[in-house]
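What follows is the residue order along each chain.
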Amino acid sequence: MSAISGEQAHRIRVVLLDADGVMTDGGLYVSADEERVTEGRRFHVHDGLGIHMLRRADLVVAIVSGKVSAPVRRRAEALGIMEVHQVSPFGKLEAVDDILRRVGATWDEAAFLADDLADLPVLREVGLPAAVANAVPEVKEAADWVGDVCGGAGAVREFSEALLRGRAEWDALVEGYVAECYEHWRSAKSD
Ligand SMILES: [Mg+2]
């Protein structure tokens, strides 16, 4: 896993995630019959705890997608991600502007994990542009950090860990998580 410098990692307050090709492998599962079209996505379970750790570190996590997808919205809900922006590919800059304004953060305080050309404008503006391992060449070129893991295979987890390790917070967050599990166990036994 390549490292993120302490200086860059400490500046970040908002983590922006693309959905298709970053949280998923980019596959679109579409089944259709006369009555309805059912759309599916495949997510990686490891990403969930990565996002959980980002939020434990008081970072804002937001999804900025160029597609409207019910499965992405449901996955975001399950992960407790409040900021879900499903816009057109041309609407990503505006969506991020909106998120940053409401959170009170600057572009320089945002990271974006991306995979495809629709992400380029936002990547060029944020303080920490990042790419999954199988991002297109233009996106990798624009990124300061390129992961070893492909979209949908735990790429969000890899990036989360790298960012939190850059802030020297990862080990303490893991221990805090484990301690909370023990706390839960103890209080269940004393009930
Ligand atoms: Mg994408």
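Data block above holds the structure.
Residues numbered from 1 in each chain as written. Predicted model: local features only at pLDDT ≥ 70, side-chain atom pairs only at ≥ 80, totals over all residues. Heavy atoms only, no water.

*Asks:* Can you help me understand the overall build of the chain in this one?
*Replies:* When its secondary structure is counted, the chain shows eight helices and eight strands. In terms of overall size, the chain behaves like a compact globule, its C-alpha atoms giving a radius of gyration of 17 Å where 191 residues would be expected to give roughly 16 Å. Counting only C-alpha atoms and orienting by the principal axes, one finds that the chain spans roughly 55 × 45 × 35 Å. Contacts spanning at least 24 positions in sequence make up 58% of the contacts within the chain whose residues lie at least 6 apart. In the structure as shown, the chain presents an accessible area of about 9900 Å², 51% of it carried by carbon and sulfur atoms. (Helix = DSSP H or I, 4+ residues; strand = E, 2+ residues; numbered from the N terminus. Rg over C-alpha atoms; globule rule 2.2 N^0.38 Å. Contact = heavy atoms within 4.5 Å. Areas by Shrake-Rupley, 256 points an atom, 1.4 Å probe, with all protein chains shown as cover.)

*Asks:* Hey, could you run me through the coordination of the magnesium ion in this one?
*Replies:* Around a metal, the perfect tetrahedron of four donors has angles of 109.5 degrees, and the perfect octahedron of six donors has angles of 90 or 180 degrees. Distances from the magnesium ion to its protein donors, Asp18 (OD), Asp20 (O) and Asp115 (OD), fall at 2.0 to 2.2 Å. Exposure remark for aspartate 20: the relative accessible area of 16% places this residue in the buried category. On the accessibility criterion, aspartate 115 (13% relative accessible area) is buried. (Donors = N, O, S within 2.8 Å, 3.2 Å for Na, K, Ca; no water. Buried < 20%, exposed > 50% of the residue type's maximum accessible area, 1.4 Å probe, protein only.)

*Asks:* Just checking my understanding: could you explain the side chain of glutamate 161 for this structure?
*Replies:* Within the secondary structure, glutamate 161 sits in helix H7 (residues 155–166). Looking at glutamate 161, the relative accessible area reads 16%, which means it is buried. The contact partners of glutamate 161, leaving out residues within four places of it in the chain, are Met1 and Trp170.

*Asks:* Please clarify how the environment of leucine 163 should be interpreted in this entry.
*Replies:* By secondary structure assignment, the location of leucine 163 is in helix H7. According to the relative accessible area criterion, leucine 163 is buried, its value standing at 0%. Put simply, leucine 163 and glycine 40 are 123 residues apart on the chain and 29 Å apart in space, counted from C-alpha to C-alpha. Among residues more than four places away in sequence, those in contact with leucine 163 are Ile4, Ala9, Ile12, Val15, Leu54, Leu59 and Leu128.

*Asks:* What's the story with the packing of helix H2 (residues 45–56) against H7 in this structure? I'm lost.
*Replies:* Describing two packed helices takes the angle between their axes plus the distance from one axis to the other. At their nearest, the axes of H2 and H7 sit 7 Å apart, and the two run at 30 degrees to each other. Put simply, H2 runs roughly parallel to H7. Our pair here, H2 against H7, has a crossing hand that is left-handed. Two secondary-structure elements touch here, H2 through His46, Asp47, Leu49, Gly50, Ile51, Met53 and Leu54 and H7 through Ala155, Val156, Arg157, Ser160, Leu163 and Leu164. (Axes fitted to C-alpha atoms, helices over the stretch in contact; angles between N-to-C directions. Parallel < 35°, antiparallel > 145°, perpendicular 65-115°, else oblique. Left-handed = near helix turned anticlockwise from the far one by under 90°.)

*Asks:* What should I look at first to understand H7 in this one?
*Replies:* Count 3.6 residues to each turn of an α-helix, and residues three or four apart come out pointing the same way. Given a rise of 1.5 Å per residue, twelve residues ought to cover 16 Å, and the 16 Å separating the end C-alpha atoms of H7 matches this to within 8%. All of the buried residues along H7 are Ala155, Val156, Glu158, Phe159, Ser160, Glu161, Ala162, Leu163, Leu164 and Gly166. Phi turns positive one or two residues past the end of H7, at alanine 168, with a value near 60 degrees. (Expected span 1.5 Å × (residues − 1).)

*Asks:* Could you clarify how one ought to interpret the nonpolar core in this entry?
*Replies:* Nonpolar side chains tend to gather and get buried jointly when the protein is soluble and globular. Within the largest apolar cluster, 55 residues are counted, with the highest numbers of intra-cluster contacts made by Leu16, Leu113, Phe159 and Leu163. Sorting elements by how many residues they give to this core places H7 first, with six residues. Setting aside residues no more than four positions away along its own chain, leucine 113 makes contact with Leu16, Leu17, Asp18, Val22, Ala130, Ala131, Val132, Trp145, Ala155, Val156 and Phe159. (Core = buried A, V, L, I, M, F, W, Y, C linked by side-chain atoms within 4.5 Å.)

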